[in-house]
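# Examination of the molecular architecture
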Amino acid sequence: MATTEENVTEIAIDDSAENVTEIVINGSAENVADVAFNRSAENVTYIAINGDEKNFNEIVINGDAHAFLSLVSCSERDFLVRNNGDQLPMPSKVFPLGKKEMAGGEENVTDIVIDSEDHDFRSILSSSKRDFLVRNNDDQVKIESLKGKKLGLYFSASWCGPCRRFTPILVEVYNELSPKGDFEIIFVSGDEDEESFKGYFSKMPWLAIPFSDSETRDRLDELFQVRGIPHFVILDEDGKVVCDNGVEIIREYGIEGYPFTEQKIKDLKDQEEAARTNQSLKTILVSHSRDFVISADGTKVPVSELEGKTVGLYFSLFSYKSSEDFTSELVEVYEKLKAKGEKFEVVLIPLEDDEESFNQGFKSMPWFALPVKDKSCEKLARYFDLSALPTLVIIGPDGKTVHSNVVEEIEEHGILAYPFTPEKFVELAEIEKAKQEAQTLESILVSGDQDFVIGKNGVKVPVSDLVGKNILLYFSAHWCPPCRAFLPKLMDAYHKIKAKDDAFEVIYISSDTDQESFDEFFSGMPWLALPFGDTRKASLSRTFKVNGIPMVVAIGPSGRTVTKEARDLIMLHGADAYPFTDERLKEIEAQFKEMAKGWPEKLKHKLHEEHELVLARRNIFQCDGCDEEGHVWSYYCDECEFDLHPKCALDENPGWVCDGEVCFKA
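To keep things clear, this report deals only with the structure shown in the data block. (Residues numbered from 1 in each chain as written. Predicted model: local features only at pLDDT ≥ 70, side-chain atom pairs only at ≥ 80, totals over all residues. Heavy atoms only, no water.)

A count of helical and extended segments in the protein chain gives 20 helices and 41 strands. Evaluated residue by residue, the protein chain yields a buried proportion of 43% over its 666 residues. If you take every contact in the protein chain between residues at least 6 apart in sequence, the share linking residues at least 24 apart comes to 54%. (Helix = DSSP H or I, 4+ residues; strand = E, 2+ residues; numbered from the N terminus. Buried < 20%, exposed > 50% of the residue type's maximum accessible area, 1.4 Å probe, protein only. Contact = heavy atoms within 4.5 Å.)

Take a look at the structure:
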C-alpha cells in the first residue's frame, strides 16, 4: 500500500478492539476476514485476508522473511515442551490442515491422525470423563448417537467479530439442513470464560463441547491446526476430513454447497460456468424456490414477463450516500424511458440485512426487486464480480450481459446512454470529444442564473470576469487530511504565479459537510470558490471524473482543459509548472537533463559505503544525508532505498561545487 495519507480513508475496528475488520482504500472496502490472536491475546498466529488463509511457514518482521521453525528453535534444541515436561520434537515443516509430509513430499490428509494412530470421531469428541455433548439448554446428547452423520466442527468465540458475523449465516444453513437428520454441528469454543461461552452458545441451535472440558477443546485446536477463527471443519460419515475451509464454502455457496465435498464444489463451479455460457434472464433471476420479482406494493411479477426487455440489475445499499445520490438519477432516466415506451426494466438486488430498512427505501422506487435476504442476491454479487456500489449491470433482450456497470455513463450522459450497448458508447465518446473541444469556462461554470463564484465575505465574482485567464479548479475539503497537507504547497505556488501573471486564478470546489467547515477552510485561502452546496459541484465532478481529493484541474485561457493532473505537477515543480501545458513540461524536462550534464553516473559516498550510488530520476524523496525533501535527481541505491541529494553527494567529491540544486565541476 502506498504510504501517502490520501489512500487510506477509513479503518473500522470491531468492538472487541482486537481485530481489524475493514479497511476502505480509495473508496473500496477491503475486508480483513480474520485476524486471530492466541488465547493469551498477545501473539498473532494466523491471518486470513479476503478468505485466503496465510499459514505462518514464513513470517515477515520489519521487512525480513523468517522461516517459522527458525524462530522457535535453536542450535542446541529441536523440540518444544509441554507443561508436564514432555518434549515434543519439532516437525521439519509446518503444513496447513489437509496436508501431511510423506517421504516423497506432501499428500492430502483424509484420516484423522493423532500420534500416528487413526481415531474415529467418538475418540476425538469425548474424554475419559465424558461421552456426551451439550445443547444450549444443558441437555446432554450421547456422542454415539452421531454415528453415521456428517459433522461440522465450528471453532469460534464470542470476542471474535468475524465469528459473530458468520454465526448467523451458519445458523441459517444448519436450520435448512437439520430436517435431513444426517448433519450435525459441534461448537468448539475459544472463549475465555464460561459466561461468555453460554451467552454466545445460546444463539446456536447445535451441540458443543462443554466449556469445562478445555483439554478436549485444546486437543481439537491442535489436531485440526486451528490458527484463526472462525474455522469450520467438515467430517464425513466415517470421520474423515471432507474440507477444512468450510467458512469460505458456506459464505460463498450456503446450503447449495452441501455436502461440502470437493466434488460438490467443483460441480457448482462447473454449473456457474455453464450458466455463463447459456445465460438467460431466467438463469440469472429465477431460483429453485422463486420465479418472480416483487414490486414496491408487494405484488409478485413473474420473471418471464421481463424476458425480451433490456434489464438493469441494480446492486445498491440504502445506507450508502453514493447509492442514494445515484438512485435519484436512475429514477429520472427510468421514468423518461418508460414514458417513451422503451422496453426497459430495473430489478433492485438488495444487499441489506435489515428488512425494515429495505422496505423503507424500496417503497419509493418505481421498479422491481428481489426479496430482501433472498439467497440469489449474494450469488448474483459473486456471479457479476461486484466490486463497487452502486452498480447497474445491463442485461440485453437476449438475456446476455451487455455491460458490467453503467453507473458512470448514466451520471455523465443520462438517458442518452440508453440502450447501453458498445455501439452507443462509441457514439457517446465522439460526442464527448466534440464537447471537450468546444468547452469554454462559461460552459462548465455557468448553469442558469448560477453565473458567479464568490470571493471573501461572499462577494460575487461573475464567471465572465474570469474568461481568458488560466484557472485551477481545486477539489478539496476541510475534513480531508491529504487536502490540508497539500494546501500550503498550492498557496505557495499561487502567490508565486500571481506575482508574475495576474491572469491566473484558483477556484475552490468544496466537498465539505457543512457551511461552518466550508467557511473555516475557505477563510484561509487567498482565492475564489463555488458557494457551499452549489449544485454545479456535482456537474464539475462528473465532467472531470473526480474520484478522490485533493484534485486540481487546469483550465487554459480558451476554457479548454489543459490537464487533470495539476496537483501532481505542483507537488513536483511548484510554481515552475505554470501554465501546466505539455510545452511547459517539455521545457522543464529539458532543464532537468541540462542540469545533470556532466554529473557522474555512479559514485561512492561515505554515508553509504556498502554499494555504489546511481544517478536516478526520483520525483520526490527524503535525502538520507540532510534529511530534507528532494526532487527529480537523486544518487540512489535501489537495494537499500538510500537517497542523496546531488548537492549532498557531490559537495564532498573532489572537483565539484554545488549551488542550491545545481552542481558544477570546479
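After that view of the structure, there is still more to cover.
With that settled, consider the sheet that holds strand 38 (residues 629–637). Taken together, 4 strands build an open sheet; the order of strands is 36-37-38-39 and the sheet is antiparallel. Each end of this open sheet is capped by a strand with a single partner; those strands are strand 36 (602–605) and strand 39 (642–644). The mean inter-strand angle of the sheet, taken between neighbouring strand axes irrespective of direction, is 50°. Both strand 37 (residues 608–622) and strand 38 contribute to a ladder of 8 bridges, which runs antiparallel. When the sheet's bridge partners are listed, arginine 618 is paired in strand 38 with valine 632. (Pairing = 2+ DSSP bridges. Axes fitted to C-alpha atoms, helices over the stretch in contact; angles between N-to-C directions.)

What follows covers the nonpolar core. Judged by nonpolar contacts, the single largest core of 57 residues is most densely connected at Leu125, Tyr154, Trp206, Phe224 and Phe260. By size, the runner-up hydrophobic cluster in this structure holds 52 residues, among which are Ala493, Phe504, Trp527 and Met551. (Core = buried A, V, L, I, M, F, W, Y, C linked by side-chain atoms within 4.5 Å.)

Below, the discussion takes up the packing of helix 15 (residues 481–500) against helix 18 (residues 566–573). Two numbers describe how helix 15 lies on helix 18: the axes approach to 10 Å, and their chain directions differ by 75°. In terms of orientation, helix 15 lies roughly perpendicular with respect to helix 18. Counting all contacts with helix 15, which are made through Phe486, Lys489, Leu490 and Ala493, the residues of helix 18 involved are Arg567, Ile570 and Met571. Taken together, the residues of the contact of helix 15 with helix 18 break down into 5 nonpolar, no polar and 2 charged. (Parallel < 35°, antiparallel > 145°, perpendicular 65-115°, else oblique. Nonpolar A, V, L, I, M, F, W, Y, C, P; charged D, E, K, R; others polar.)

Moving on, we come to helix 4 (residues 194–201). Here helix 4 has its buried residues at Phe197, Tyr200 and Phe201. Projected down its long axis, helix 4 carries its buried residues within an arc of 95°, all on one side. Where helix 4 is buried, its residues touch strand 15 (132–134), strand 17 (150–156), helix 3 (161–177), strand 18 (183–189) and strand 19 (207–208). Residue aspartate 193 occupies the N-cap position of helix 4, its side-chain oxygen lying 3.2 Å from the main-chain nitrogen of glutamate 195. (Arc of directions from axis to C-beta. Polar contact = N/O pair within 3.5 Å; in protein donor to acceptor, adjacent residues only side chain to side chain.)

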